Amino acid sequence: MTKQQANWSPYDNNGGSCVAIAGADYCVIAADTRMSTGYSILTREYSKICKLADKSVMASSGFQADVKALQKHLAARHLIYQHQHNKQMSCPAMAQLLSNTLYYKRFFPYYAFNVLGGLDSEGKGCVYTYDAVGSYERVGYSAQGSGSTLIMPFLDNQLKSPSPLLLPAQDAVTPLSELEAVDLVKTVFASATERDIYTGDKLEIVILNADGIRHEYMELRKD
Amino acid sequence: MATTMVKENNAGPAQLLGPESASERTLYPYVTGTSVVALKYKDGILMAADMAASYGSTLRYKSVERMKSIGKHSLLGASGEISDFQEILRYLDELILYDNMWDDGNSLGPKEVHSYLTRVMYNRRNKFNPLWNSLVLGGVKNGQKYLGMVSMIGVNFEDNHVATGFGNHLARPILRDEWHENLSFEDGVKLLEKCMRVLLYRDRSAINKLQIAKITEEGVTISQPYALKTFWGFSAFQNPTVGAEGSW
């Protein structure tokens, strides 16, 4: 008798899209609120965004249980950091921590596709984009998740970052104003909702700037 | 299924077999319960589940209580492997015992129990030995209503109405259409019965013997088992083979 194989998978894709855009003095992080499994919708009001520190906000899509565990893990590590250093973690520091945490499970990965947004130590917007095992880079904007293939080309068209090979080095952050960036995010999600079945229901937007943190919501198509 | 039931060794744990030992991890479920449906209403949570436990295609047990009260503030309903549900009840017994032993006037609410269950399910999934259940956790504490769900791989969320298994496909659409805030108890029961009736017609592992459980600030009440009225008098059922001749 051949060895029986397990007929269950430890992974599931609960769908959804995440976007982050960095500005000169702000950062916009957005994600839809739909949680799906297979062809079913589990809930229309699930937040994929997690505030890790005063100046770091992460949006993750993929396998929800892994995303939740990852967010919990990072929040716990941030608390320890605060106890040890008596200050908040900077966004670049959180970015490195996220990368290391993901790679730690290189051989049983967190099925989480992350974008980390925030303000760097100079108050400029920063966005870091990741794959499931922790490879990351700082960029001016990024999209992850089920709608990323629909969203990213459009962001490239509207926000094209200067090449990192240029000399002198040019800023990756967009010259758009905060309101224009938020408007772009709304447009981008409305479009992704049309063609990606896993994106829709509601859009949650978090805006980080020198004044603090702000939330905005927008209804998306529910079909 | 019966042929794969017998483990390779009859005496002693599998480790004694040496390098080619059988894994003792869960591969598939054996005795399973079908959907659980639950919704929030004015005073708390209403939950419904039938009393069947199937052994593959055999309806093996017909008086299984798939909903149990947990502590003072929570109600747990489970679908999937019944033995794993019983194991979870043992874990929760211990959790509630330790909670009571603090004797500090505080008690675990539904949110806390849901969080605990999520961690248990996720950790078992991490060890590739899952508890094969989809759990529905509802409750009321200090006027706050809570209704959540955890799957066997740790996927969890809360919402105004939840369902497991076939209930996701058949009951959730009805609930999305007809649920609203502050349902009365009667309307809540009617809505749940509507969902359970559809499941009875369309889920082959469902039986017409169900319980409805209610949890409010005052506590838990689980109804006596009862049956739903069904209608089979459709004209198409009278002569089902009409038009079938020659339709090879």
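The residue numbering used here restarts from 1 in each chain and proceeds along that chain's sequence as written. Labels are handed out in written order, letters beginning with A for the chains and numbers beginning with 1 for the ligands. This being a predicted model, a pLDDT of at least 70 is required before a residue's local features are given, and a value of 80 or more before pairs of side-chain atoms are given or counted; all residues contribute to the totals for chains, interfaces and linings. Calculation of side-chain values draws on the structure's entire complement of heavy atoms; hydrogens and water are dropped beforehand.

J.: Which parts of the structure should I look at to understand the overall build of chain B?
T.: What chain B contains, in helices and strands, is five helices and 13 strands. Burial statistics for chain B: of 248 residues in total, 47% are counted as buried. Considering only intrachain contacts with a sequence separation of at least 6, the fraction spanning at least 24 residues in chain B is 62%. Under the convention used here, a 1.4 Å probe and the Shrake-Rupley method define accessible areas, while residue burial counts only the protein chains that appear. With an accessible surface of roughly 13,200 Å², chain B has 52% of that area assigned to carbon and sulfur atoms. Secondary structure elements are defined from DSSP: runs of H or I of at least 4 residues count as helices, runs of E of at least 2 residues count as strands, and each element is numbered from the N terminus. Buried residues are those whose accessible area, probed at 1.4 Å on protein chains only, stays under 20% of the maximum for their type, while exposed residues exceed 50% and partly exposed ones sit between those limits. The contact definition used throughout considers only heavy atoms, calling two residues in contact when any of these lie within 4.5 Å.

J.: How should the packing of aromatic side chains be read in this particular structure?
T.: Any two aromatic rings considered together are summarised by their centre-to-centre distance and by the angle between their planes. Pairing of aromatic rings covers Phe, Tyr and Trp, the last counted by its six-membered ring, and requires centre-to-centre distances within 6.5 Å; plane angles under 30 degrees mean stacked, over 60 mean edge-to-face, and any other angle means tilted. Per the stated rule, a full pass over the model turns up 14 aromatic pairs over all chains. Taken together, a centroid distance of 5.2 Å and an interplanar angle of 85 degrees make the contact between B:Tyr201 and B:Trp232 edge-to-face. Note that B:Tyr201 is positioned in helix α4 (residues 185-202) and B:Trp232 in the loop between β13 (219-222) and α5 (235-238), a separation of 31 residues in sequence. You can call B:Tyr201 partly exposed: its relative accessible area is 32%. Where B:Phe231 meets B:Phe234, the ring centres are 5.0 Å apart and the plane angle is 80 degrees; that geometry is what we call edge-to-face. Taking relative accessible area as the criterion, B:Phe234 reaches 44% and is therefore assigned partly exposed. Among the aromatic residues, those joined into a ring-pair cluster are A:Trp8, A:Tyr11, A:Phe63, A:Phe108, A:Tyr111, A:Phe113 and B:Phe128. Only when the NZ atom of a Lys or the CZ atom of an Arg is both within 6 Å of the ring centre and within 35 degrees of the ring normal do we say a charge sits over the ring. Lying over the aromatic face of A:Phe108, A:Lys105 brings its terminal NZ or CZ to 4.3 Å of the ring centre.

J.: Teacher, can you tell me more about the sheet that holds strand β11 (residues 202-209) of chain A here?
T.: All names here are of chain A. If you trace the five strands from one edge of the open sheet to the other, you get β10-β1-β2-β11-β12, paired in antiparallel fashion. If you trace the sheet from one side to the other, it starts and ends with β10 (141-145) and β12 (212-219), each paired once. The mean inter-strand angle of the sheet, taken between neighbouring strand axes irrespective of direction, is 15 degrees. Here β11 runs beside β12; their pairing, made up of eight bridges, is antiparallel. Looking at the pairing, valine 206 lines up with histidine 215 of β12. Axis geometry follows a simple rule: fit a line to the C-alpha atoms, using only the stretch in contact for helices, then measure angles between N-to-C directions, giving values from 0 to 180 degrees. The strands touched by helix α3 (residues 148-159) within the sheet are β1 (17-22) and β10, with β10 carrying the most contacts at an inclination of about 170 degrees. Strands pair, by our definition, only if DSSP identifies at least two bridges between them.

J.: Would you take a moment to explain unusual backbone geometry for this structure?
T.: Note on backbone geometry: most residues besides glycine have negative phi, and most peptide bonds are trans. With an omega dihedral of -5 degrees, the bond running from A:Leu167 to A:Pro168 counts as a cis peptide bond. Along the chain, the position of A:Pro168 falls in the loop between α3 and α4 (178-195). Here the phi dihedral of B:Asp103 falls at roughly 50 degrees; this positive angle occurs in a residue that is not glycine. Within the secondary structure layout, B:Asp103 lies in the loop between α1 (82-102) and α2 (110-126).

J.: So what exactly am I meant to see when it comes to the nonpolar core here?
T.: Side chains that are nonpolar tend, in soluble globular proteins, to be buried together. Nine residue types can take part in a nonpolar core, namely buried Ala, Val, Leu, Ile, Met, Phe, Trp, Tyr and Cys, and a core is a set of them joined through side-chain atoms within 4.5 Å. Counting 46 residues, the largest nonpolar core has A:Leu70, A:Leu116 and B:Val136 as its most contacted members. Of all the elements, helix α2 (residues 91-104) of chain A adds the most residues to this core, at six residues. In this structure B:Val136 touches B:Val36, B:Ala38, B:Met47, B:Leu75, B:Leu76, B:Gly77, B:Leu147, B:Gly148, B:Met149, B:Val162 and B:Thr164, once residues within four positions along its chain are discounted. In this structure, A:Tyr26, A:Tyr141, A:Ala192 and A:Leu203 belong to the second largest nonpolar core, which totals 21 residues.

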